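Fold and contact review
Below are the chains, spelled out letter by letter.
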Amino acid sequence: MLVAWAAGAVLDQVYLFLLLALLAYSFRNLYNLRRLAIWLGNPNFADIPVHFGLWGDIYSKIARVSLRQAQREKRLAELVNEYTASTSALPDGAVALDARGRIRWFNDAASRLLGLLPAKDIGQPLLNLFRNPEMVSFVKNPDYARMLQISAPGDSERKLEVRLAPYGNDQTLLLAQDITERLRHERMRKDFVANVSHELRTPLTVIGGFIENLQMDESLRNDGLTRPLELMAQQTARMGRIVEDLLLLARLESDSYRNQNDRVDIGELVRNVADECQALADDVPKIDCEVASTRRVLGDEKQLRSVVTNLVVNAINHTSAEQRVALSWRDQGAQSLLEVKDNGEGIAPEHIPRLTERFYRVDAGRSRDRGGTGLGLAIVKHILHHHDAKLEIRSGPQEGSSFICRFSSSRLVD
Amino acid sequence: MKTSDLKHHYSQQFNSELEGIRSRVLSMGGLVESQLGTAISALNQGEIDSAESVVANDCEVNACDVDIDERCTTILALRQPTASDLRLVLAVIKTTADLERIGDEAKRVARMVIRVVGDTHDESLVGQIVHLGEQVQQMLHRALDAFARMDIQAAINIVDEDIDIDREYESVVRQSMARMMEDPSSIPKVLDMIWAARGLERIGDRCCNISKYVIYFVKGKDIRHTSLEQIKKELDAG
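Residues numbered from 1 in each chain as written. Chains lettered and ligands numbered in written order. Predicted model: local features only at pLDDT ≥ 70, side-chain atom pairs only at ≥ 80, totals over all residues.

1. Remarks on the overall build of chain B
- When its secondary structure is counted, chain B shows seven helices and zero strands.
- Ordered by position from N to C terminus, the α and β elements of chain B give α-α-α-α-α-α-α.
- The buried share of chain B, taken over its 238 residues, is 40%.
- Pairs at least 24 apart in sequence give 78% of the contacts found in chain B among residues at least 6 apart. (Helix = DSSP H or I, 4+ residues; strand = E, 2+ residues; numbered from the N terminus. Buried ≥ 20, exposed ≤ 12 C-beta atoms within 10 Å, placed from the backbone. Contact = placed C-beta atoms within 7 Å.)

2. A word on the interface of chain B and chain A
- Between chain B and chain A, the contact holds 18 residues from the first and 13 residues from the second.
- Elements that contribute at least two residues to the side of chain B that touches chain A include exactly helix 1 (12-45) and helix 4 (123-149) of chain B.
- Of all the elements, helix 1 of chain B adds the most residues to the side of chain B that touches chain A, at 10 residues.
- Among the residues forming the side of chain B that touches chain A, the class breakdown is four nonpolar, nine polar and five charged. (Nonpolar A, V, L, I, M, F, W, Y, C, P; charged D, E, K, R; others polar.)

3. Side note on the domain arrangement of chain A
- As far as domains go, chain A holds domain 1 (2-86), domain 2 (90-178), domain 3 (182-253) and domain 4 (262-413).
- Relative to domain 4 of chain A, the C-alpha centre of domain 1 of chain A lies at a distance of 88 Å. (Domains from an automatic or database assignment.)

4. Here's the deal with the environment of A:Gly101
All names here are of chain A.
- Looking at where Gly101 falls in the secondary structure, it is placed in the loop between strand 1 (93-97) and strand 2 (103-106).
- Sequence separation between Gly101 and Asp331 is 230 residues, and the spatial gap between their C-alpha atoms is 42 Å.
- Ignoring any residue separated from it by four or fewer positions in sequence, one finds Gly101 in contact with Pro125, Leu126, Leu127 and Val139.

5. Notes on unusual backbone geometry
- A positive phi is found at A:Gln398, a non-glycine position, where the angle reads about 65°.
- In this structure, A:Gln398 sits in the loop between strand 11 (389-395) and strand 12 (401-407).
- A positive phi angle is found at B:Gln80, which is not glycine, with a value near 45°.
- By the element assignment, B:Gln80 lies in the loop between helix 2 (48-79) and helix 3 (83-116).

See below:
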């Protein structure tokens, strides 16, 4: 610009030269602008048109921003790859569903277990491919706490355990685990126990019978034999009871055994059992009975009687003669509670979760002496399960124990 | 067919109606698959309870049939669909009819189980029918998968397989005739079993129909009464 002014002054045409210089400057800027626009259309950082001045600055700043962007994208891509690799490694099937039940993505295990085709089935409503009626109602009315056992679609030999987990915006994650082996093992175990128990029954009956005969044989009466025979008879009887309990449990475990037809009067049942147990022995603690509800339970009378008897006998075994056992049957809203409470020696908290395990003993020595089989609470738990009821145990050392059977309204009638 | 193809509609409502009938027909398919599976397993294990449940649940299948037909009729009347939408609705209507018949055949097998159970003389014949039933079950499952995915190749494969089903059925008939000849007192029972086997073979034919509707929907070609070679030629050309 200065050059132009000087030249203009010399030639006495300042304004003309200034104007020409201004025009030249504008054209130069427009030219660079256009170059920038063209370059941006297909940016090549190795071939920058202008390196110096304002334009050079602009070019290098653009280059820096792009580079940062590319690095960020690369990092994100790596994260996504890691994530995809880890879901592929999951042994269980995972399928993400959108708010309308359509498949958003799924991992390799899901493809294998559910027969989904990678890429092709994205966007397909899951229930169009997994059509089993139980699955349809499970997904339409989800109970997120429940796990559904169901056959795999297209492969009835493979059994799956399916659960749903909600997340994000109305999205759902479906998890499927192959439990075929697990079920097979459970079946084998149950069959084994049932078969063994069955086989043991007859020999035990035979032995028990002969021992009884020997005990009644006058010619064998002598002190040396009486005590041994007595012990043999007791132990044989105990083995017999264990076998019977195991067989009962095996029957209860096989779902086919369900009687829902008796309208059991629990109040009456409770009074009967209380009377019976009170008469068992002299050192039995006092058994109180409180019946505040007239509701009846739909189910099997014999089984429910078994429940009450088991609980009362347990209570008696853990209380001394001066203490008390209290039975009650009362309503709590729509539910009804059967409670067996004692103020005996109680149970330490670490034992409580395991009490209903078969043969679990809190105090090994004592219960066996009393002739218990160790299966009573397992039987109670199974019977309650068949009656849609739950067992709650509350206890503390030296604080007594309370065993509550909570029956839900579906099984109660007035 | 990608679900994204359905998106090119000005009306979201129409979209979801079409997706709705697709889901419902496949849901009905699942119910029928379950009925068929239960009937065959009842035949295999001689379980009367399962067989009775199949007979009882058939009314649900019929209810689906009525419901889907109503919805399709409404769509045709109110939306007057054209081109691929029209073909979809028609494919759904026809598939629903075939599914309802398959449900009836399953019920027939279940009834046979209830009548025939307890007779152990014909175990090998029962075994053959069970095998035929299991193959037909697979075929139904694949036909419905092909419908869900609008997968032509899978549909053609199913049409191919129908020949195997027919052959197995013929073998069952031959074995039944031998049985009837060697022991005339077994004729009523064996006849019953032949009817059941025939029902299963008919299910195979209906699965073929469903596959042909898939091809019709995707390619716009009605191939119901053409031979297999014709079909393949036409599809390679189109």
